[in-house]
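So the chains spell out like this:
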Amino acid sequence: MRVLGIESSCDETGVALYDSARGLLAQGLYSQIDLHAAYGGVVPELASRDHVRRLLPLIQQTLADSGLTLADIDGVAYTAGPGLIGALMVGAATGRAIAWALDVPAVAVHHMEGHLLAPLLEDEPPEPPFVALLVSGGHTQLMRVSALGDYTLLGETLDDAAGEAFDKTAKLMGLPYPGGPQLAKAALAGRPGAYTFSRPMVNRPDLDFSFSGLKTQVLLAWQKSGQGAQDMADIALAFEQAVVDTLAIKCERALEQADCSRLVVAGGVGANRYLREQLQARCARRGATVHFPRLELCTDNGAMIAFAGYLRLRAGQSEPPAVACRPRWDLAGLPPLSPALG
Ligand code: ATP
Ligand code: MG
Ligand code: FE
């Protein structure tokens, strides 16, 4: 089965073609970072308009790269939420229309299920049950994945998401949007121990997170510092260590509580090098394995939507010829997916 995947939930237009026999055939991504940078964050109306401009050319390009034509497509998957409603509607309406024109099924994909399943696009995909750490710009969640499509929320952030904390912290030290990756880059020159920030909520037995207080700690440290490049690097490192330690401690606890020996990490913050190292080390110590997507599949992309859509189409799920997007959508409420991968 060949599935066209379309992602347009936020500020990236993503398109991919997934073939159940051959894997990922081609993918294209257009990032709107430059468009929104001047405003310090995503402007929803500008995002929607840019998806309108970019999506069809990107679909044509991705088809050409894969050597396929529209007639080769057996199904269409589009992100239906969660996300910005105007942006979602662009991908959903386009995807649904293409499926209608080709007389093939279309399926609405949950953006976070896309992120969650992205590590399964790699060689030797982990079998459920496993614990998934979803760390992105809008979410920080620990899920028990008992089977594909069977998700139980173990814990989540009570305020800022991890990626949001990275972005806001970077912004208050003057780094341009989106600051997460730049903050991580600045941290490379940081001196360990120059600053120490707390590990929020690690002394509580639950699996919830809270990152908004760290931002305030950084703000106070930054204001008191000389605000030079070395100060920024030192503070960035201490911030990164605090976030990563907190995530890693709760991941270990989740593996224990959920009785799992496999951890899957997905979402933009999963691209963070220090997080990857820490989780590798901690999992190795306890005889567990950790699975990440390749870097370009951590942040938003069409491949994860094509793949999640393929699994749902294979399970016989599809949408009627009407488009319903959900700006808010509970991942644990999705219908099950079976049979298992393979
Ligand atoms: P959601 O998936 O929750 O709707 P989103 O789609 O905006 O949110 P992603 O595209 O998955 O989120 O990830 C973007 C986030 O990842 C941003 O907050 C960005 O700062 C963060 N990020 C990307 N690379 C890194 C990195 N190397 N270190 C830390 N954070 C990073
Ligand atoms: Mg983005
Ligand atoms: Fe995302």
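Every chain begins its residue count from 1, and numbering advances along the sequence as written. Starting at A for chains and at 1 for ligands, labels are handed out in the order in which the entities are written. Since the coordinates come from a predicted model, pLDDT governs what is reported: local features require at least 70, and pairs of side-chain atoms require 80 or more to be given and counted, while whole-chain, interface and lining totals use all residues. The basis for every side-chain value is the complete set of non-hydrogen atoms in the structure, without hydrogens or water.

## Observations regarding the overall build of the protein
Okay, step 1: For the protein, the helix and strand inventory stands at 10 helices and 10 strands.
Okay, step 2: In terms of principal-axis extent, the alpha carbons of the protein reach across some 60 × 45 × 30 Å.
Okay, step 3: For each residue, the accessible area found with a 1.4 Å probe, counting protein chains only, is set against the maximum for its type, and the residue is called buried under 20%, exposed over 50%, and partly exposed in between. Looking at the protein as a whole, 55% of its 342 residues qualify as buried.
Okay, step 4: Two residues form a contact once any of their heavy atoms are found within 4.5 Å. If you take every contact in the protein between residues at least 6 apart in sequence, the share linking residues at least 24 apart comes to 74%.
Okay, step 5: When the accessible surface of the protein is summed, it comes to about 14100 Å², and 53% of that surface belongs to carbon and sulfur atoms. Under the scheme used here, helices are H or I runs from DSSP no shorter than 4 residues and strands are E runs no shorter than 2 residues, and both carry numbers assigned from the N terminus. Using the Shrake-Rupley algorithm and a 1.4 Å probe, accessible areas are obtained, with residue cover drawn only from the displayed protein chains.

## Section: the site of ligand 1
Okay, step 1: We define proximity as follows: a residue is near a molecule or strand when any one of its heavy atoms falls within 4 Å of that partner. Taken together, 21 residues are adjacent to ligand 1, and Ser-136, Gly-138, His-139, Asp-167 and Asp-300 come closest.
Okay, step 2: We define a polar contact as two N or O atoms separated by no more than 3.5 Å, with the added condition that, inside protein, one atom must be a possible hydrogen donor and the other a possible acceptor, whereas residues neighbouring each other in sequence contribute only through side-chain atom pairs. One of the backbone nitrogen or oxygen atoms of Gly-163 is found 3.1 Å away from an oxygen atom of ligand 1.
Okay, step 3: One nitrogen or oxygen atom from the side chain of Asp-300 is found 2.7 Å from an oxygen atom belonging to ligand 1.
Okay, step 4: Across the complex, the protein chains shield 87% of the 640 Å² of accessible surface that ligand 1 would expose by itself.
Okay, step 5: Counting residues per element, the ones that place at least two in the shell around ligand 1 are helix 4 (111-117), helix 5 (162-172) and helix 6 (180-187).
Okay, step 6: Any residue that is not Ala, Val, Leu, Ile, Met, Phe, Trp, Tyr, Cys, Pro, Asp, Glu, Lys or Arg is counted as polar, Gly included; the first ten are nonpolar and the last four charged. When grouped by side-chain class, the residues that make up the shell around ligand 1 number 7 nonpolar, 12 polar and 2 charged.

## What to know about the coordination of the iron ion (ligand 3)
Okay, step 1: Shown as donors are all N, O and S atoms within 2.8 Å of a metal ion, widened to 3.2 Å for Na, K and Ca; because water is not in the atom set, sites may appear incomplete. With distances of 2.1 Å, the protein atoms coordinating the iron ion (ligand 3) are His-111 (NE2), His-115 (NE2) and Asp-300 (OD).
Okay, step 2: Read from N- to C-terminus, the donor residues coordinating the iron ion (ligand 3) fall into the pattern H-x3-H-x184-D. One end of the pair, His-111, is in helix 4; the other, Asp-300, is in the loop between strand 10 (289-291) and helix 10 (302-314), with 189 residues separating them in the sequence. With respect to class, His-111 is no different from Asp-300; both count as buried.

## Observations regarding the side chain of Glu-240
Okay, step 1: Examined against the element boundaries, Glu-240 turns out to sit in helix 8 (residues 229-257).
Okay, step 2: His is not counted, nor are the chain ends, whereas Lys and Arg count as positive and Asp and Glu as negative. Here a salt bridge means any side-chain nitrogen of Lys or Arg lying within 4 Å of a carboxyl oxygen belonging to Asp or Glu. The side chain of Glu-240 is buried and forms no salt bridge, while Arg-273, the nearest opposite charge, is found at 7.8 Å.
Okay, step 3: Only 2.7 Å separates the side chain of Glu-240 from the side chain of Asn-272, close enough to count as a polar contact.
Okay, step 4: Residues within four places of Glu-240 in sequence aside, it is in contact with Phe-166, Ala-184, Ala-187, Asn-272 and Tyr-274.

## So, the sheet that holds strand 7 (residues 140-147)
Okay, step 1: Pairs of strands are assigned from DSSP output, requiring at least two bridges between the strands. If you walk across this open sheet you meet the 5 strands as 8-7-6-9-10, and the pairing is mixed. This sheet does not close on itself; its edge strands, each paired only once, are strand 8 (150-156) and strand 10. Geometrically, the sheet is characterised by an average inter-axis angle of 25 degrees between neighbouring strands, direction not taken into account.
Okay, step 2: Two elements, strand 7 and strand 8, share 6 bridges in a ladder whose sense is antiparallel. Bridging from a neighbouring strand, Met-143 pairs with Leu-153 of strand 8. Between the N-to-C directions of two axes lies an angle of 0 to 180 degrees, each axis being a line fitted to C-alpha atoms and, for a helix, fitted only over the stretch in contact.

## Concerning the confidence of the model for the protein
Okay, step 1: On a scale of 0 to 100, pLDDT captures the predictor's confidence in every residue. In this model, the protein carries an average pLDDT of 96, and 99% of its residues clear a pLDDT of 70 or more.
Okay, step 2: For this predicted complex, the interface confidence reaches an ipTM of 0.98, while the overall pTM sits at 0.96.

## A short note on the UniProt feature "binding site: substrate" (unreviewed entry) in the protein
Okay, step 1: UniProt positions are given in the numbering used here, feature names are shortened, and annotations may be inferred rather than shown by experiment. Taking the numbering used here, the UniProt-annotated feature "binding site: substrate" (unreviewed entry) corresponds to Leu-134, Val-135, Ser-136, Gly-137, Gly-138, Asp-167, Gly-180 and Asn-272.
Okay, step 2: When you line up the elements, Leu-134 lands in strand 6 (residues 130-135).
Okay, step 3: Residue contacts for Leu-134: discarding those within four places in its chain leaves Met-112, Leu-116, His-139, Thr-140, Gln-141, Met-143, Ala-266 and Leu-331.
Okay, step 4: By the secondary structure assignment, Val-135 is in strand 6.
Okay, step 5: Contacts of Val-135, omitting those with residues within four sequence positions, involve Thr-140, Ala-162, Leu-247, Val-265, Ala-266, Gly-267, Gly-268, Val-269, Gly-270 and Leu-275.

## Quick word on the environment of Ser-20
Okay, step 1: Residue placement: Ser-20 occurs in the loop between strand 2 (12-19) and strand 3 (23-31).
Okay, step 2: Only 2.7 Å separates the side chain of Ser-20 from the backbone nitrogen of Met-1, close enough to count as a polar contact.

## Here's the deal with the nonpolar core
Okay, step 1: Counting 58 residues, the largest nonpolar core has Leu-4, Leu-116 and Leu-117 as the members making the most contacts within it.
Okay, step 2: The dominant element in this core, judged by the number of residues it contributes, is helix 10, at 9 residues.
Okay, step 3: Contacts of Leu-4, omitting those with residues within four sequence positions, involve Val-15, Ala-16, Leu-17, Ile-59, Ile-73, Gly-75, Val-76, Ala-77, Ile-98 and Ala-306.
Okay, step 4: Membership of the second largest hydrophobic core comes to 47 residues, among which are Leu-133, Ala-186, Leu-237 and Phe-292. The definition of a nonpolar core used throughout is a set of buried Ala, Val, Leu, Ile, Met, Phe, Trp, Tyr and Cys residues joined through side-chain atoms within 4.5 Å.

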